[in-house]
Amino acid sequence: MAVKLLKSKSGDATAQKYETLLKLSILSLGAILSFSTRLFSVLRYESVIHEFDPYFNYRTTKYLTEEGYYSFHNWFDDRAWYPMGRIIGGTIYPGLMITSALLHNFLNFFNFAIDIRNVCVFLAPLFSSFTTIVTYLLTKELKDEGAGLTAAVMIAIVPGYISRSVAGSYDNEGIAIFCMLLTYYTWIKAVKSGSVAWAAVCSLSYFYMVSSWGGYVFLINLIPLHVFTLMITGRFSHRIYVAYSTVYCIGTILSMQIPFVGFQPVQSSEHMLALGVFGLSQIIGFIDYLKSKMSKENFDVLFHALFTLVGVTVVAVGSILMITGKISPWTGRFYSLLDPSYAKNNIPIIASVSEHQPTAWSSFYFDLQLLVFLFPVGLYCCFSNLNDSNIFIILYGMTSIYFAGVMVRLMLVLAPVMCVLGGIAVSSLLGRFMKDIDQGGKGQDKRPVKPKEQAAQGRRNEISLAFVGMLTFFLVMYAFHCTWVTSEAYSSPSIVLSARSYDGSLIIFDDFREAYYWLRMNTPPDAKIMSWWDYGYQITAMANRTILVDNNTWNNTHISRVGQAMASPEDKAYEIMRELDVDYVLVIFGGLTGYSSDDINKFLWMVRIGGSTDRGSHIKEQDYYSPGGEFRIDREGSPTMLNCLMYKLCYYRFGSMYTEGGKPTGYDRVRNAEIGNKDFELDVLEEAYTTEHWLVRIYKVKDLPNRGAR
Amino acid sequence: MMATSIDSRKLFSVIFVISVVILVTLNNVADANKRNKDVNALSLGERVQQLTDFSNKRPVIRMNVQKFNDLVKGTPRNYSVIVMFTALSPARGCAICGPANDEFSIVANSFRFNSQIYSNKLFFALVDFDECGSIFQSLKLYTAPVFIHFPAKGKPLSQDKMDIQRFGVEAEAIARWIAERTDIQIRVFRPPNYSGTMALIIVSVLVGGLLYLKRNNLEFLYNKTAWGIASLFIVFCFTSGQMWNQIRGPPVVQRTQNGISYIHRSSQGQLVIETYIVFLLSSAITIGMILLIEAGKGKGDIRKRRVMLVVGLGMFALFFGMILSIFKSKAHGYPYSFIMS
């Protein structure tokens, strides 16, 4: 706000210099802040890649830097989905990998010898710094520099965005938000100037966006929606015609260069709005041209004739296609767009994934805090001062709040617009009152003021001061909230776990990496590892061994086969494991440490998915419940449960362990129960390795016995 | 639509327990059984024929005592019968029986009118408590509705009684259970529900008609204040979690030991009343800030503006503190608060 203060003294050359200096320093401090606030996990643990999907991205990036682009493009991965394999080059968005590979090569060219893993870890924070700068530019175009700076500083620390871009969370979204805002900025520039150059830059940044995230579909619908709204409100002009035609043509052609996107932009229904608006803008352009060349009467006749002709043709063609069944607008897909509960009721896999949950009000507050209330104020400011670019930001806000309400992970798309509108709101609030305070000081020497008015002025200054103080307090509180949320909720890498012991000291569980490293060092290079799909990406990336299923859940029958093996008794499971050439089985077990997202707690999903295909029809969820209808592992549990492979692998030798004081042996600290089947031996498997805290247990599948040996 | 109504009703009345004293004595039942055994001269072929005839008339065969003993309990059988034991008469006041009956008929119809799977290996039947209470007694059934599968061989086992507490009474669940017990996969076909489409058409006709009537004065469509208020309303709906309510259908209030609570205790959930409170609070905060902006505009009476300023400032601070304290009570361990704790 100091900018505003100085601005009012404009005309002074030194003041202008100060202003530029202040702007630059605020902006660069914001960029540095957005980088550094994302480093909690690096400071607490180490420079490590988080979660599951980032490991796949890391592995592909490593391949890209080592083997070059062409072999990356044609890469057939035989380490995953044994025995089928997976074509990597054509099934991913390569933008992320190419970005970090370029960055890595660039730095190495100048002899900054930085490891590719560190490039991957710090890429998301780096791009959030860029996002901060782009947000400043975008908001500056929408309102003014003050709003731009406020929005930039807000987006630097907003938790809704941090949740996906902390150091180590090496995923598409990390760079996609930057690409999205860059595209918006260049689009606003193109709309304002009507220049082909800005439109071309816009389509280039759109291309970058397409190459990096599937969420580009939101963008290619939002921009046509903006153009369409401008048409309805009578604001369509040559500037917009030029901008949109250029962006659509170049953008579509460029986006089709990504192998994974292919011909979708001209075929799939998600892109039809863009095509339709493109056609519409040509028609309107043509009509405007005719209007300028013809007399009004002639034009009216022509217009009516054409209008009727086109209308009749469209209705006729539409109904013919509908009758013949070529298009069917009233299908489930249509309803799922209107009624979000449709997907939840009819597609169980969507219901099971926590990222597809709707958003409760407390998550809005948790991820955005003050912005939740500033956002409507910003909308109000935009409405009270409508212009072409404000309409765009209103549309962006309204559509993204809908998507964020339906799916909690789309908070990521909402967070930037919240910051932009929040910045506009704060700037309009502060702008007015800062001026009051400022003038209050200067007012007296300019002109003689009547005593009554002076008193009113004075009291007003006090109120203004109170308000400015309070808003500053709230903004400080916002900063504290964001830092707290980042540090508490969004900075755990989930590959390294930590817990507090009884005396308050920190215990680190590094069992996952211990197990993967053991696999890498102690198993033959062509060993096939069976585990549940959650750990697939991590095993291929860290242990460099072949796995059966991974987090790219493209083949349900194969996952189902693994689920069947886990849910079957040992002898049946052995047949499946022989069929799939399994050498080692890896399970995650939290009963000793109290780690609750282990395989036993995921086991019901294995049973459900295992029983969902023909070959697993003998596996019934019912059999795994106790007579009382509960999922239990103690003495009450069903015999099928107590003898299945997963149970045995998790609880092998656990029956003789003391886990908690005052409890019998074999006491499971996650399920809080003494296990039901304590004393058993494994016939066809043997324990190969168990990590320090028993989090990961690895078993070797024995060969077939020699003839006559038994 | 159907399914949601059942869900909500299931919450309130789990299963209706028949509270009527059963008058038929054991003696009577024994007699009836003996009598039936004498009459029971129907051969397997005749019984299958009879059942097929009945089910051609109505997919769900309504049983009386005689028919039940002949066709369902009679041996030998080479067919399965799915029987729903229910109490449909309004006097019984069984809230879930009606919807359960609808869902059961949907399954029966889906089976009957699907020529690929339709066979005389599976029949659907209905036994009403008011028509043949003795059957209920002989099977020791004290609740309704109950679904029992009478297999082709032998007597019903414990798994042949569907656990509606866990599975619910939706047609899909019944079909899945039948597939488990009999290996006949029934694809449930619901008669299409046109009410949504109809509502859409009616609304669009109304809106279109209104626009047509006011066609000479369409200025109101370009009224940006109206659009602004509408969008703010939508924003508050979403930020207060109305979409979550729509999808999850939480209860309005929650009863606990300490009386009725309006706020859900964890940040994972929310109650309907709670979202309305949040809606009001957040709109109050926003209105407070808008008042501040308007007051700062420097137009109009200075006294009025001063009132606006003070009111706006007060609303902003007070309601923000309130919403913060609500959030703090939900998110355990949240360290910040303002004005109130």
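All values reported here derive from a predicted model rather than from experimental measurement.

Engineer: Would you mind going over the UniProt feature "domain: STT3/PglB/AglB core" (unreviewed entry) in chain A with me for this structure?
Structural biologist: In the numbering used here, UniProt assigns the "domain: STT3/PglB/AglB core" (unreviewed entry) feature to residues 529-585 of chain A. Here residues 529-585 of chain A is 53% helix and 11% strand, with 6 Å between the C-alpha atoms at its ends.

Engineer: Would you take a moment to explain a nonpolar patch on the surface for this structure?
Structural biologist: Nonpolar side chains collect at one region of the surface, where Tyr 194, Met 198, Ile 201, Ile 202, Val 205 and Leu 206 of chain B lie side by side and expose about 640 Å² of accessible area between them. Summarising the element assignment, Met 198 of chain B is placed in helix 9 (residues 195-213).

Engineer: Where do I start with the packing of helix 15 (residues 272-293) of chain A against helix 16 (residues 296-324) of chain A in this structure?
Structural biologist: Residue and element names in this part refer to chain A. With their axes 9 Å apart at the nearest point, helix 15 and helix 16 run at an angle of 150 degrees to one another. Here helix 15 lies roughly antiparallel to helix 16, going by the angle between them. For the crossing formed where helix 15 meets helix 16, the hand is right-handed. Mapping the contact onto sequence places Ile 287, Leu 290 and Lys 291 in helix 15 and Phe 299, Leu 302 and Phe 303 in helix 16. Of the residues assigned to the contact of helix 15 with helix 16, the class counts are five nonpolar, no polar and one charged.

Engineer: Would you mind going over the domain arrangement of chain B with me for this structure?
Structural biologist: Interface size is commonly expressed as the accessible area that is lost once the parts come together. Taken domain by domain, chain B comprises domain 1 (44-182) and domain 2 (219-330). One C-alpha centre belongs to domain 1 of chain B, the other to domain 2 of chain B, and the line joining them spans 52 Å.

Engineer: Hey, could you run me through the pairing of strand 7 (residues 584-588) of chain A in this one?
Structural biologist: Looking along a regular strand, one sees side chains alternate from face to face of the sheet. All names here are of chain A. Burial of strand 7 is extensive: five of the five residues sit out of reach of the surface. Burial along strand 7 is two-sided: the face carrying Tyr 584, Leu 586 and Ile 588 and the face carrying Val 585 and Val 587 are both buried. With two bridges joining them, strand 5 (residues 528-530) and strand 7 adopt parallel strand pairing. Paired with Met 530 across the bridge in strand 7 is Val 585. In the sheet, strand 7 pairs with strand 11 (residues 696-701) via five bridges, with the strands oriented antiparallel. Bridged to Ile 588 within strand 11 is Val 696.

Engineer: Just checking my understanding: could you explain the sheet that holds strand 6 (residues 146-150) of chain B for this structure?
Structural biologist: Across a sheet, strands are paired by hydrogen bonds formed along the backbone, either parallel or antiparallel in direction. Residues and elements named next belong to chain B. Pairing within the open sheet is mixed, and its four strands lie in the order 2-4-3-6. Pairing within the sheet leaves two strands with one partner each, and these edge strands are strand 2 (60-62) and strand 6. Recorded for the sheet is a direction-independent mean angle of 25 degrees between the axes of neighbouring strands. In terms of strand pairing, strand 3 (residues 80-86) meets strand 4 (residues 122-128) through seven bridges, oriented parallel.

Cut-offs used in this document
Residues numbered from 1 in each chain as written. Chains lettered and ligands numbered in written order. Predicted model: local features only at pLDDT ≥ 70, side-chain atom pairs only at ≥ 80, totals over all residues. Heavy atoms only, no water. UniProt positions renumbered as here; feature names shortened; annotations may be inferred. Helix = DSSP H or I, 4+ residues; strand = E, 2+ residues; numbered from the N terminus. Patch = residues over 30% accessible without salt bridge, like charges linked within 9 Å, V, L, I, M, F, W, Y side chains within 5 Å. Areas by Shrake-Rupley, 256 points an atom, 1.4 Å probe, with all protein chains shown as cover. Salt bridge = Lys/Arg side-chain N within 4 Å of Asp/Glu carboxyl O. Axes fitted to C-alpha atoms, helices over the stretch in contact; angles between N-to-C directions. Parallel < 35°, antiparallel > 145°, perpendicular 65-115°, else oblique. Left-handed = near helix turned anticlockwise from the far one by under 90°. Contact = heavy atoms within 4.5 Å. Nonpolar A, V, L, I, M, F, W, Y, C, P; charged D, E, K, R; others polar. Domains from an automatic or database assignment. Buried < 20%, exposed > 50% of the residue type's maximum accessible area, 1.4 Å probe, protein only. Pairing = 2+ DSSP bridges.

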